[in-house]
Structure formats: structure tokens, C-alpha cells
Number of protein chains: 2
Amino acid sequence: MNKSAFHQLSYGVYVVSTWDKGRPVGCTANSAMQITSDPATVAVSINHDNYTNSCIRESGHFAVCVLGVSSDPAVIGTFGFQSSRDCNKFDQVPYQVRGCLPVIDAACAYIACEVIDTMETSTHTVFLGRVTDADILRKDDPMTYAYYHQVIKGKSPKNAPTYLPEQESAPAGKETYVCPVCGYVYDGEIPFEELPEDYVCPLCRQPKSAFVKK
Amino acid sequence: MNKSAFHQLSYGVYVVSTWDKGRPVGCTANSAMQITSDPATVAVSINHDNYTNSCIRESGHFAVCVLGVSSDPAVIGTFGFQSSRDCNKFDQVPYQVRGCLPVIDAACAYIACEVIDTMETSTHTVFLGRVTDADILRKDDPMTYAYYHQVIKGKSPKNAPTYLPEQESAPAGKETYVCPVCGYVYDGEIPFEELPEDYVCPLCRQPKSAFVKK
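Residues numbered from 1 in each chain as written. Chains lettered and ligands numbered in written order. Predicted model: local features only at pLDDT ≥ 70, side-chain atom pairs only at ≥ 80, totals over all residues.

Peer 1: Is there a simple way to think about the overall build of chain A in this case?
Peer 2: A count of helices and strands for chain A gives three helices and 11 strands. Listed by position from the N terminus, the elements making up chain A come as β-β-β-β-α-β-α-β-β-β-β-α-β-β. Here the C-alpha radius of gyration of chain A, 17 Å, is about what a compact globule of 214 residues would show, namely 17 Å. Each of the 214 residues in chain A was classed as buried or not, and the buried ones make up 50%. (Helix = DSSP H or I, 4+ residues; strand = E, 2+ residues; numbered from the N terminus. Rg over C-alpha atoms; globule rule 2.2 N^0.38 Å. Buried ≥ 20, exposed ≤ 12 C-beta atoms within 10 Å, placed from the backbone.)

Peer 1: Is there a simple way to think about the sheet that holds strand β3 (residues 32-36) of chain B in this case?
Peer 2: All names here are of chain B. Across the sheet, seven strands lie side by side as β2-β1-β5-β8-β9-β4-β3; this open sheet has antiparallel pairing. Every other strand in the sheet has two partners, leaving β2 (23-29) and β3 as the edge strands with one partner each. The sheet shows a mean angle of 35° between the axes of neighbouring strands, taken without regard to direction. Here strand β1 (residues 14-20) runs beside β2; their pairing, made up of seven bridges, is antiparallel. Its bridge partner lying in β2, Trp19 is registered against Pro24. Taken strand by strand, helix α1 (residues 51-59) contacts β1, β2, β4 (41-47), β5 (61-67), β8 (107-120) and β9 (124-136), and its axis lies near 55° from that of β1. (Pairing = 2+ DSSP bridges. Axes fitted to C-alpha atoms, helices over the stretch in contact; angles between N-to-C directions. Contact = placed C-beta atoms within 7 Å.)

Peer 1: Where do I start with the relation of the copies chain A and chain B in this structure?
Peer 2: Two chain copies, one operation linking them: a rotation about an axis together with a shift along it. The transform that puts chain A on chain B rotates by 180° and translates by 0.0 Å along the axis, for an RMSD of 0.1 Å. The transformation just described matches what one would write down for a two-fold rotation axis. Judged by C-alpha distance, Tyr11 of chain A is the residue of chain A that lies nearest the rotation axis, at 2.7 Å. When the interface residues of chain A are mapped onto chain B, 100% of them are again interface residues, pointing to one common binding face. (Least-squares fit on C-alpha atoms with pLDDT ≥ 70 in both.)

Peer 1: Explain the environment of Glu189 of chain A to me, please; I cannot follow it from the model alone.
Peer 2: Turning to its location among the elements, Glu189 of chain A is positioned in the loop between β10 (177-178) and β11 (212-213). Accessibility expressed as a C-beta count within 10 Å gives 4 for Glu189 of chain A, which makes it exposed.

Peer 1: Just checking my understanding: could you explain the pairing of β3 of chain B for this structure?
Peer 2: Side chains on a regular strand alternate between the two faces of the sheet. Residues and elements named next belong to chain B. The buried fraction of β3 is high, at five of five residues. When β3 meets β4, the two strands line up antiparallel, connected through four bridges. Bridge pairing in β4 places Thr36 opposite Thr41. Hairpin connection, β3 to β4: the antiparallel pair is bridged by four residues.

Peer 1: How should I be thinking about the environment of Gly12 of chain B in this particular structure?
Peer 2: Mapped onto the fold, Gly12 of chain B is located in the segment before β1. Setting aside chain neighbours within four positions, we find Gly12 of chain B in contact with Leu9 and Ser10 of chain A together with Asn30, Ala32, Val66, Pro142, Met143, Thr144 and Tyr145 of chain B.

Peer 1: Would you take a moment to explain the interface of chain A and chain B for this structure?
Peer 2: Where interface size is given, it is often the accessible area lost as the parts come together that is meant. Counting residues at the interface gives 46 residues for chain A and 46 residues for chain B. Elements with a minimum of two residues in the side of chain A that touches chain B: β3 (32-36), β4 (41-47), β8 (107-120) and β9 (124-136) of chain A. Residue composition of the side of chain A that touches chain B, grouped by class: 25 nonpolar, 17 polar and four charged. (Nonpolar A, V, L, I, M, F, W, Y, C, P; charged D, E, K, R; others polar.)

Peer 1: Looking at this structure, I do not really get the confidence of the model for chain A. What am I missing?
Peer 2: Low-pLDDT stretches of the model should not have their predicted coordinates read in fine detail. When pLDDT is averaged along chain A, the result is 88, and 93% of the positions lie at 70 or above. For this predicted complex, the interface confidence comes out at an ipTM of 0.80, alongside a pTM of 0.82. (pLDDT = per-residue confidence, 0-100.)

Peer 1: Mind showing me how you'd approach the domain arrangement of chain A here?
Peer 2: Residue and element names in this part refer to chain A. Considered domain by domain, chain A is made up of domain 1 (11-147) and domain 2 (167-214). Its C-alpha centre places domain 1 at a distance of 28 Å from the equivalent point of domain 2. Contact residues are listed per partner, giving seven residues for domain 1 and seven residues for domain 2. Across the side of domain 1 that touches domain 2, the residue classes break down as four nonpolar, three polar and no charged. (Domains from an automatic or database assignment.)

Peer 1: Sorry, what's going on with the nonpolar core here?
Peer 2: Generally speaking, soluble globular proteins have nonpolar side chains that are buried together. Counting residues in each nonpolar core, the largest one holds 122 residues, and the members touching the most others are Ala107 and Tyr110 of chain A together with Ala107 and Tyr110 of chain B. Filtering out sequence-adjacent residues up to four positions away, Tyr110 of chain A remains in contact with Ala63, Val64, Cys65, Val66, Arg98, Gly99, Val103, Ala134, Asp135 and Leu137 of chain A together with Ala5 of chain B. (Core = buried A, V, L, I, M, F, W, Y, C linked by C-beta atoms within 7 Å.)

Peer 1: For this particular structure, what's the right way to read the pairing of strand β7 (residues 101-104) of chain A?
Peer 2: Residues and elements named next belong to chain A. Here β7 shows two buried faces, one formed by Leu101 and Val103 and the other by Pro102 and Ile104. Where strand β6 (residues 95-98) lies against β7, four bridges are found, and the strand directions are antiparallel. Residue Val97 lies in a different strand from β7, and its bridge partner there is Pro102. In textbook terms, the turn of a hairpin is the stretch between consecutive antiparallel strands, and for β6 and β7 this stretch comprises two residues, one of which, Gly99, has a positive phi near 60°.

Peer 1: I'm lost on α1 of chain B in this one. Help?
Peer 2: Helical periodicity: at 3.6 residues per turn, an α-helix aligns residues three or four positions apart in one direction. Residues and elements named next belong to chain B. Regarding α1, the residues found buried are Thr52, Asn53, Cys55 and Ile56. Tucked inside the fold, the buried residues of α1 contact β1, β2, β4, β5, β8 and β9. Note on α1: the residue one or two positions beyond its end, Gly60, has a positive phi of about 75°.

Peer 1: How do you make sense of unusual backbone geometry when you look at a structure like this?
Peer 2: Across the chain, the bulk of peptide bonds are trans and the bulk of non-glycine residues have phi less than zero. Residue and element names in this part refer to chain A. Between Asp38 and the following residue, Pro39, the backbone shows a cis peptide bond with an omega angle of 0°. Of note in this structure, Lys21 is not a glycine but carries a positive phi near 50°. For Lys21, the position within the fold is in the loop between β1 (14-20) and β2 (23-29).

Peer 1: Where do I start with the sheet that holds β2 of chain A in this structure?
Peer 2: In a beta sheet, neighbouring strands pair by backbone hydrogen bonds and run either parallel or antiparallel. Residues and elements named next belong to chain A. As summarised here, the arrangement of the seven strands in space is β2-β1-β5-β8-β9-β4-β3, forming an open sheet in which the pairing is antiparallel. Edge positions in the sheet fall to β2 and β3, since each has one partner strand and no second. The average angle at which neighbouring strand axes cross in this sheet is 35°, direction not considered. Contacting β1, β2, β4, β5 (61-67), β8 and β9, helix α1 (residues 51-59) crosses the sheet at an angle of about 55° to β1.

Peer 1: How should the environment of Val200 of chain A be read in this particular structure?
Peer 2: Residue and element names in this part refer to chain A. Examined against the element boundaries, Val200 turns out to sit in the loop between β10 and β11. For the pair Val200 and Asp86, spaced 114 residues apart in sequence, the C-alpha to C-alpha distance is 21 Å. Once residues within four sequence positions are removed from consideration, Val200 is found in contact with Arg205, Gln206, Pro207 and Lys208.

What follows is the structure in C-alpha cells.
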């Protein structure tokens, strides 16, 4: 089996949000798809280990915040490489309440849903949501997962359905600097050593000093 | 609710195939996503009205054939705008058996699955498949649903989760020729009337004479 074939499936990049007893929580996701047209339903796949999973289960609602190519990619790191168990992710990003759910300002569109069914797998829950509200927030091209990988050079968190251990290997024969939190590989024109000391990881805002040479 | 927000979700373009008592059958789909990484599982959403739905249910297997931007777009029409009840779609397109399932040669990759769970909705079944085989067939960029709509100017079949009745309206103030089967709107530089008589719809191969002026 050639697992790289899995990467030929196309996805967007989303922040799936909900409430944790009144506190906004959420996580980065790429597995979201419309299931039915009328009534409209949308399914998302969320890892059991993601704190957001239990919060969606309890609240019975979730919003899919769609990121666009103009969205600040740092929100991917904020929501993808730390846990709402340990911090308030929404303290770091502006948001508004739309469709009774927390929607980050960085989103170009949102789809708010009420959970009507779930499907359990070994590691993820597929939440099926009836759409209760949806809107376009600004004109932008939706960010695809391919764009995230190819243009932003982002990696998949270990909880992602699409995570492959192979992605951690650095390009052969080239010395690289890698963010230890999100796996971002620095690929800029300026040599890494010459970057200003206040340089931070564009995905998860780790400081330059945290980067590891590989 | 602004339903156009649904179009901000990103998808690929696939042919989902299976066996109908030894006969290869399949349909075009855009709703497919990886659910778990290890063991790898993939979910697809197939309309109850699609003949392929009952065949996947009976055979317990399906393959996701991934279309690339270099794939002949006519296979989208062949598999999306006619039914395996009425014709043998695979008579019209070359295929091979990979992972014990029919995989069209036009695919750039395939993922073969055994059904391990299903989730029913009002109009669609979500099939959860454990991946039994997968491979890349040729180097190509996966075709995204956005590419299909924007570059190939394709429409969604009525059974698609992403179908919106609004898509059927022609651009205001412009006389257009529309394929009555797949909804393809002719948008070429040569005036439609001046096209050769053997012109066929690039998506579903309907003859020029079938096109309707709108």
C-alpha cells in the first residue's frame, strides 16, 4: 500500500469551534464536507484526543470557520498545535459570535451546525451537523490543504487524519531549521542565522530560539 | 442563511467505483475524506438514488479513483450524469482492476476500501471504509472541485451534496448554449453556431444538436 496516495485527496483548512461551558474553544481541522444538500448537513472529523471533541459532544453544536488564502496562517498554529485544555486559544485571536457560535475574524466564511448524529472510529469522531446558520464574511479564495502544505509549508498535527510520520524527515543533504512545536521548516531566502532575533514561527509563533537545526 | 458559504468548503473530484455482481459500476463524487490515520479509513458520501450506493452496500467495498487536472474531464460526465441502471459506464472508459476493485485509467491515484461502518442521512449514506490498498498511478495535481467549476466550467449533478438550484441560471443578459444533460454552459471563443457539427459536450459527450439556447 502506498500511503502517499492519501495525499491526493483534496481538503480545505478550517477551525472547528464550539463552547466549553461558555468559553470558546476550537481546533484546526481539514476533514469537513457537506453531506446533504436539503436539508443541508456537514460532517467534520475530530480526534478523540482533541479537547474540542468532548466540548462538541457536550454542547451539541459546532461551527466550521473556513480559512482563506488571505487569512493569517498563525491561526492554524494557534488552533492546531496547542490544546484548549492548557490555554484559551481565543484570547489570542479576535472573534465574533455568529450563529450562536464563536467564529474567528480570520475566517472568510462560517457554517454553524447542530449535531444530529455521530459515527465513532478508532481515533476520531465524525460529527454530522444540521446547518443552522452560514455566511460569507469576506471575499477570499478558500485555503486548500495543498496550499497550506505547498505555499505556507505547513505540517499536519499528530491528531490529524492525514498525519504521516514520514513528513518529519528533512530534505536530504540540506541543513534546515524546524519548529519543534508545529514542524514548520524554515525555507526563506535569508539564511536562518541572519533572521532578526524577534523572528517567530509563522504558524505557531514559537520564538526563533526554539527552532531546532536538523 | 447564506448557502453560498457552503461553496467555501474545498473538495476533490473522484469516481467512486465498486462491483455490481461482477460488473464494474461507479459514480462521480466530491465528498470523500480521510477519517483516521492508523489504521487508515476514508469516508465517502453517496446519494441513496445513485445505483452505486446499493452496490457498495451489497459488495462491501469501494474504491476512490482520484481525478487529476490532466484527467479527461469527460469521465466526470460519464460517471456523473448517467446511471449504471441504464448503461455500462465502464464500457466507455478504460480501467484496470487494482486492489480487487475497478479503477479507471483516467485516475491519478486510487484508494481501495472495505466498508466497516455507515451513517445514514435523509438523502445520502456516508460509507466509512478501511483502506485495503492505495497507490499513485501517475504524477498529476489532484483536480479540486473549485478547478472543476472555474476552469472546466462544470456543474453539480442533482444528487451531489453540493447541488444548488441557483447554479442553473444563465449569466444575465448573455445568450448561452447549455448542455441539457450535465448543465455545461458553452463558453468558448468561437460562437456556438460556428462550432463544427461533430462538437460534443466536453463533460458528457452530448452532441452539439442537443444543446439548448438560453
